[in-house]
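# A structural walkthrough
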Amino acid sequence: MPKTRILVIDDEAAIRDSLRMTLEYEGYEFIGAATGQEGLALAERDTPDLVLLDVKMPGMDGLEVLDRLHAMNETLPVVVISGHGTISTAVEATKKGAFDFIEKPFASDRVLVSLRNALDQRLLRDENRSLKKAVEIRHQMIGDTAGLRHVMAAISRAAPTNATVLITGESGVGKELVARTIHRNSLRSRERFVQVNCAAIPEELIESELFGHEKGSFTGATEKQVGKFEQADRGTIFLDEVGDMSPKTQAKVLRVLQEGEVERLGSARTIKVDVRVIAATNKNLEEEIEKGRFREDLYFRLAVIPIPVPPLRERQDDLPLLVRHFMDYFSRENNVRPKRITPAAIETLQRHRWKGNIRELRNTVERLIIMTGGDTIDVADLPDVLRSPAGAVGVGVAKPSSDTDAAKAGTLREFKDNAERAFLVSKLRENGWNISKTAEVIDTPRSNLYKKLEQYQISQESDG
Ligand SMILES: Nc1ncnc2c1ncn2[C@@H]1O[C@H](COP(=O)(O)OP(=O)(O)OP(=O)(O)O)[C@@H](O)[C@H]1O
Ligand SMILES: [Mg+2]
């Protein structure tokens, strides 16, 4: 780690010397300047992490130096040193954004404490900023085709209202991202976004999950539970995979939408909730209604603002943008040097069907970033399923595998490989081909999971 660099601007040589001793002893790098002008020049040239600045100096005075330092870099922490009788100036300096001020004569301990505080605060702020940036990048919606612009326009119309939104589209098209974007741009953005995956929760638990229950309301209800609707009060609830809800649950959800109140299981008391509902499904609800599996009245309640998200293959022009976006993201996340991708490789990707849509593309790019040795991703680096014409029409089955494979295995190695492959495929299916989630569930690093996918030629496409 490079040393933390401190610039001391003070016209008194004795002060500079004593600070040099203190700072160097503490492991800091010292830079000294005798005038404001010199200080500014050094600040520009040596980019210090912190400045100790005397207020009263001949020539340019400390306050002006402070202004100019902040014009140069507004996040640079400055600790002001003031002589006796210049305290009011020092107060003014803190108003102008100096981190702290120290009165002369000072004890070196006092300087060190102030300095550490300032550096800690800067570190926190930098971390905060990069976290925020990472969150923003992760939630950015990339794309510039008419298809995506329609979606964006619908998001901006829906966001400021309280209207219920129904997002539809194939698996991996970005339905959850749309839901989160609506919430983030709504008046409820400071409140909670509560997500419920209706398909992942067993039928007998979904009602208590959604509406909560009182202690002892059914066998196993050993504790009171606050339901998701209550948790989302004043915020947004995201009913994901809403097409998978049972008729009984549908009836109850409809009631919440109509009355704006919930009842915990085992309680007769109704609780008012102010919740904005966003629902999503990859099923065709009109068909589900015809087959008698989805309530029409609930459908109309949910689809006040319908937002269909088109599949990636209908907006292939977004693909290069998305690929670059994910390449940047994963290079940063995995701390690898940014790579380039050839136009031929992009074209190959554009010919693919992307049944798993943006999620499949995202996983593919992550895998490429981790697995490609060189600085350039070319056609040869792409997985087989993407290169073969079979993959392009979505029938590319790389290596069949089934239980009987295990029986057919001749060696222990083969048996283990078959078993491992079958295990991975089933876990991936269970987790909707979400690589990060699967890696977490089976407790292995993502990079290792990618290596295994490569080794066994597993992909969502080959899973059919
Ligand atoms: N336009 C986009 N720009 C950038 N990233 C996107 C875009 N659309 C989707 N993604 C990313 O693709 C992945 C899949 O998106 P998301 O989970 O929202 O899809 P989904 O439609 O909810 O999928 P499923 O039906 O499987 O639940 C996420 O990592 C998401 O951030
Ligand atoms: Mg989803």
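Our subject is the structure that appears above.
Let me sum up the structure you'll find in this document.

The rules behind these values
- Residues numbered from 1 in each chain as written.
- Chains lettered and ligands numbered in written order.
- Predicted model: local features only at pLDDT ≥ 70, side-chain atom pairs only at ≥ 80, totals over all residues.
- Heavy atoms only, no water.
- Helix = DSSP H or I, 4+ residues; strand = E, 2+ residues; numbered from the N terminus.
- Buried < 20%, exposed > 50% of the residue type's maximum accessible area, 1.4 Å probe, protein only.
- Contact = heavy atoms within 4.5 Å.
- Areas by Shrake-Rupley, 256 points an atom, 1.4 Å probe, with all protein chains shown as cover.
- Lys, Arg positive; Asp, Glu negative; His and termini not counted.
- Charge placed at Lys NZ, Arg CZ, Asp CG, Glu CD.
- Core = buried A, V, L, I, M, F, W, Y, C linked by side-chain atoms within 4.5 Å.
- Near = heavy atom within 4 Å.
- Polar contact = N/O pair within 3.5 Å; in protein donor to acceptor, adjacent residues only side chain to side chain.
- Nonpolar A, V, L, I, M, F, W, Y, C, P; charged D, E, K, R; others polar.
- Axes fitted to C-alpha atoms, helices over the stretch in contact; angles between N-to-C directions.
- Parallel < 35°, antiparallel > 145°, perpendicular 65-115°, else oblique.
- Left-handed = near helix turned anticlockwise from the far one by under 90°.

Within the chain, the secondary structure is distributed over 22 helices and 16 strands. Dimensions along the principal axes, computed over C-alpha positions, put the chain at roughly 85 × 60 × 45 Å. The burial tally for the chain puts 47% of its 464 residues in the buried class. Look at the contacts in the chain between residues 6 or more apart in sequence, and 70% of them connect residues 24 or more apart. On the chain, roughly 24000 Å² of surface is accessible, and the fraction owed to carbon and sulfur atoms is 50%. Considering the chain, the positive charge centre built from 67 side chains and the negative charge centre built from 72 side chains are found 2 Å apart.

To continue, consider the nonpolar core. Ranked by internal contacts, the top residues of the largest apolar core, which has 31 residues, are Phe-229 and Leu-239. Every element with two or more residues in this core is listed here: strand 7 (193-197), helix 8 (203-211), strand 10 (236-240), helix 10 (247-259), strand 13 (276-281), helix 11 (285-290) and helix 12 (296-302). Tallying contributions element by element places helix 10 first for this core, with 4 residues. With residues up to four places along the chain from it excluded, the contact list for Leu-239 reads Val-196, Cys-198, Leu-210, Val-253, Val-277, Ile-278, Ala-279 and Ala-280. Within the second largest apolar cluster, 23 residues are counted, among which are Leu-312, Trp-354, Ile-369 and Ile-377.

On to the site of ligand 1. Inspection of the region around ligand 1 gives 17 residues, with Ile-142, Gly-172, Lys-175, Leu-177 and Arg-359 positioned closest. Within the contact set of ligand 1, an oxygen atom lies 2.9 Å away from a backbone nitrogen or oxygen of Gly-172. Gly-174 is positioned with one of its backbone polar atoms (N or O) 3.1 Å from an oxygen atom of ligand 1. Taken by itself ligand 1 offers 640 Å² of open surface, and the protein chains cover 89% of this. Contributing elements (two or more residues each) for the shell around ligand 1: helix 7 (175-184), helix 13 (319-334) and helix 15 (357-371). Classifying every residue of the shell around ligand 1 gives 7 nonpolar, 4 polar and 6 charged.

For the rest of this paragraph, the subject is the packing of helix 13 against helix 14 (residues 343-351). The packing of two helices is summarised by the inter-axis angle and the distance between the axes. Running from N to C, helix 13 and helix 14 point in directions that differ by 115°, and their axes come no closer than 10 Å. Here helix 13 lies roughly perpendicular to helix 14, going by the angle between them. In the packing of helix 13 onto helix 14, the handedness of the crossing is right-handed. Counted together, Leu-319, Pro-320, Val-323 and Arg-324 of helix 13 and Ile-346, Leu-349 and Gln-350 of helix 14 form the full contact between these two elements. Its residues placed into classes, the contact of helix 13 with helix 14 shows 5 nonpolar, 1 polar and 1 charged.

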